[in-house]
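# Chains, contacts and geometry: an overview
So you can see what is in the structure, the chains are spelled out below.
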Amino acid sequence: MTAATPAPLTVREARKPWAPARTLAHVLAVAVLALTPPLVAQLPQGERAFRRGDRAAARAAYERVLATDSLNVTALYRVAVLDSWDGELDRSLGRFARLRRLAPGDQDIMVSQATVLAWAGRRRAAEALFDSVLARSPQRADALAGRARVVAWQHDLGRAEELWRAALELHPDDPELLIGLAQTLYWRGRPGLARAFAARARSLAPRDPVALELDRSLRAALRPQLETSVDGVGDSEGNDFVAQEATYTASLGGDRRGTVWGGWRRVSPGDATSYGASGEVVTAVGGDVVVHAGMGVRRLVGHTRPPTTPLTARLGLSLRLARYATARIGYERAPFDETAALIDSGFVIDALETGVDLSPSPDWSITGSAGGAWLSDGNRRYTGSATVLARVLPGLQLGPAGRILAYHPNHAPGYFAPDRFSVLEAQLAYALQRARWGVRAEGGLGSLQVARGEQWQTEWHLQLTLSRGWGPDNELAVVGSITNSAAPTTGIVPLPGYRGHSLGLRFQQGL
């Protein structure tokens, strides 16, 4: 008997009761293995499906691997990435936490986890994790891009631009870095320069969807644009007007844009008319500063006095102060043409206003403004407003708001207005976007006081906007509003039972 020949069963062994059962189990096992793909094949199948973009097949294959081997790092990593792509960010981060315990030094896992942290709004944690990767591999391109992107998402655009440029010195032909710098420049109000980097990215990655979308947005920002609007406004006291405006905006080269404006207004009772035109130039200076300046004329045609044609002017500056803060200051000279009596008088206002916008997180928005105005009849006007809105549900914002308008009259014959007009209210805003259709509802409920010493009365207002867009910057919108509070700029005294209403049509078209 040779060693290769199995020894025959002895009579005693052949009579063991478990021998037939063991043989049958062996046969069944062989049959099952013959009919079922080996588990070891599931991982390559998942990888092939992952590479060709078949997420469902990839997930099924990886889940079969994890059902038997829950510690398989590759399968767990891929499923965590698929979770993040499907918007399941909390579940994805849970898997990444487990992966970090299994492979604490894997930099691919660290970069992917940091990316998902940024998507989930945990941007400081994401930046710290990107920094940890770069401490080990200072030239790693995806970590450099991830850190710069997180900094940009935190509204620190100046620092983000520096990070993108430093990364491009190491990797000058990396499309992701080029796209990131172009996006940041666009957000800083420099679309002309951004387009140069976007074009370079498209030449390196012609099918990249982010590069294509950015290129469309930049083309829309730089191409000529036409905007028109028609508004009808009236109130329960018989004051009505119809107004039409149009603007044409085009690039003047670099990051300069020019706008030509024309408008017409007819007011009743009295059938007074106001119309005019102006031009304005807007330019970015130093990245974080935007300056605009313009001049024009306005013709005021009343009935009791000869027509007048005062000059109009605008000059303004906006400045990014910090990651979450921008400030603005502006001067405007314009006729006071809200009513027929005002048009007939030929009053002109010189106004100066400052404001600040704060956004400490995506869920909070804080705005405030203050200003003063000087009327040609000698009256002085002061205004102030503040609004704090917090996101309480997707698309829904809620918060307090207040505004005040005060006149310091000279007691000479001229424009009459209350010495103070105050409003305190709770505001609500809801926006819903489905494909190219959009709906936005804004409302407020509170209390107003017309003048010092007067009783406070209930105040409310509601505005509804329905819009339909096509292309990056083309839109048609209908806007309607109703209120029992006069606009704070007019100084009209709202009497008990007062109602104001408006209906407008907005059209915006890129050329």
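Everything below is about the structure shown above.
These notes cover the structure that comes with them. Source: prediction; values computed, not measured.

### Observations regarding the overall build of the protein
Across its full length, the protein holds 14 helices and 16 strands. Relative to its full complement of 511 residues, the protein shows a buried share of 38%. By sequence separation, contacts in the protein at least 24 residues apart represent 49% of the contacts at least 6 residues apart. Of the roughly 27,500 Å² of accessible surface on the protein, a fraction of 60% belongs to carbon and sulfur atoms.

### Some thoughts on the packing of aromatic side chains
Aromatic rings considered in pairs are described by the distance between their centres and by the relative angle of their planes. Tallying each qualifying case throughout the model produces four aromatic pairs. Between the aromatic rings of phenylalanine 50 and tyrosine 62, the centroid separation amounts to 6.5 Å while the plane-to-plane angle is 65°, which identifies the pairing as edge-to-face. Taken together, the residues phenylalanine 50 in helix α3 (residues 42-51) and tyrosine 62 in helix α4 (residues 55-68) connect sequence positions twelve residues apart. Here phenylalanine 50 and tyrosine 62 have matching classes, each one buried. Taken together, Phe50, Tyr62 and Trp85 form an aromatic cluster joined through their ring pairs. In this structure, arginine 78 is placed above the aromatic ring of phenylalanine 50, and the distance from its NZ or CZ to the ring centre is 4.3 Å. Positioned above the aromatic ring of phenylalanine 241 is the side chain of arginine 265, whose terminal nitrogen or guanidinium carbon lies 4.3 Å from the ring centre.

### Some details on the nonpolar core
Grouped together as the largest cluster of nonpolar side chains are 56 residues, with contacts concentrated most on Tyr62, Phe96, Leu99 and Trp164. If sequence neighbours within four positions are ignored, leucine 99 has contacts with Val73, Leu76, Tyr77, Ala80 and Ile109. The next biggest cluster of nonpolar side chains, apart from the first, holds twelve residues, and it includes Leu375, Leu405, Val423 and Val450.

### Overview of the side chain of serine 84
As for its placement among the helices and strands, serine 84 is situated in helix α5 (residues 73-85). With residues near it in sequence (within four places) discarded, serine 84 still touches Leu89, Ser92, Val116 and Trp119.

### Focus on empty space enclosed by the protein
Scanning all chains against the criterion turns up one cavity of 30 Å³ or more. There is about 30 Å³ of room inside the largest cavity. Taken together, Arg149, Ala152, Trp153, Trp164, Gly180, Gln183, Thr184 and Trp187 form the lining of the largest cavity. Going through the elements one at a time, α9 (141-153) and α11 (175-187) are the ones with two or more residues in the lining of the largest cavity. Residue contributions to the lining of the largest cavity peak at four residues, all from α11. Here the lining of the largest cavity is composed, by residue class, of four nonpolar, three polar and one charged.

### Description of the pattern of salt bridges
If you walk through the whole model with that rule in mind, you get 23 salt bridges. Linking glutamate 176 and arginine 149 is a salt bridge whose minimum nitrogen-to-oxygen distance equals 2.9 Å. Placement of glutamate 176 in helix α11 and of arginine 149 in helix α9 is noted, with a sequence separation of 27 residues between them. Each of Arg55, Arg59, Glu63, Asp83, Asp86, Arg91 and Arg95 takes part in a single network of salt bridges with overlapping partners.

### Remarks on the layout of surface pockets
The computed volume of the second largest pocket comes to approximately 660 Å³. Lining of the second largest pocket is provided by 27 residues; of these, Trp85, Thr115, Trp119, Arg149 and Glu176 occupy positions nearest its centre. Put simply, the parts of the chain that give the lining of the second largest pocket at least two residues each are α5, α7 (107-119), α9, α11 and α13 (209-222). The element contributing the most residues to the lining of the second largest pocket is α7, with six residues.

### Remarks on the side chain of threonine 465
Within the secondary structure, threonine 465 sits in strand β14 (residues 457-470). Ignoring sequence-local partners within four residues, the contact set of threonine 465 consists of Gly438, Val439, Arg440, Ala477, Val478 and Val479.

### Structural notes on unusual backbone geometry
The peptide bond linking serine 268 to proline 269 adopts the cis configuration, its omega dihedral lying at 0°. With respect to the helices and strands, the residue proline 269 is situated in the loop between β3 (256-268) and β4 (272-285).

### Quick look at α9
For α9, spanning 13 residues, the distance from its first C-alpha to its last is 18 Å, which sits close to the expected 18 Å at 1.5 Å a residue. Within α9, ten of the 13 residues are buried, which leaves the element mostly enclosed by the surrounding structure. For α9, the complete set of buried residues consists of Ala141, Ala143, Leu144, Ala145, Gly146, Arg147, Ala148, Val150, Val151 and Ala152. Looking at the buried residues of α9, the elements they touch are α7, α8 (123-136), α10 (157-170) and α11. Positive phi appears at histidine 155, one or two residues downstream of α9, with a value of about 70°.

### A few points about the pairing of strand β10 (residues 380-393)
As paired elements, strand β9 (residues 364-375) and β10 share eleven bridges and run antiparallel to each other. Bridge pairing in β10 links tryptophan 374 to arginine 380. Between β9 and β10, which pair antiparallel and follow one another directly, the connecting turn spans four residues, one of which, glycine 378, has a positive phi of 100°. In the sheet, β10 pairs with strand β11 (residues 396-408) via eleven bridges, with the strands oriented antiparallel. Residue tyrosine 382 lies in a different strand from β11, and its bridge partner there is alanine 406.

### Observations regarding the pairing of strand β1 (residues 225-235)
Looking at chain direction, β1 and strand β16 (residues 500-510) are connected through eleven bridges and run antiparallel. The residue of β16 that forms the bridge with glycine 234 is histidine 501. Here ten bridges tie β1 to strand β2 (residues 240-251), and the two strands are oriented antiparallel to one another. What sits directly across from glutamine 225, in β2, is threonine 249.

The rules behind these values
- Residues numbered from 1 in each chain as written.
- Predicted model: local features only at pLDDT ≥ 70, side-chain atom pairs only at ≥ 80, totals over all residues.
- Heavy atoms only, no water.
- Helix = DSSP H or I, 4+ residues; strand = E, 2+ residues; numbered from the N terminus.
- Buried < 20%, exposed > 50% of the residue type's maximum accessible area, 1.4 Å probe, protein only.
- Contact = heavy atoms within 4.5 Å.
- Areas by Shrake-Rupley, 256 points an atom, 1.4 Å probe, with all protein chains shown as cover.
- Phe/Tyr/Trp six-rings, centres within 6.5 Å; stacked < 30°, edge-to-face > 60°.
- Lys NZ or Arg CZ within 6 Å of the ring centre and 35° of its normal.
- Core = buried A, V, L, I, M, F, W, Y, C linked by side-chain atoms within 4.5 Å.
- 1 Å grid on protein atoms, 1.4 Å probe; cavity = no way out; pocket = protein on both sides within 12 Å on 5 of 7 lines; lining within 4 Å.
- Points joined across faces, edges and corners; volume = space filled by probe spheres on them.
- Nonpolar A, V, L, I, M, F, W, Y, C, P; charged D, E, K, R; others polar.
- Salt bridge = Lys/Arg side-chain N within 4 Å of Asp/Glu carboxyl O.
- Expected span 1.5 Å × (residues − 1).
- Pairing = 2+ DSSP bridges.

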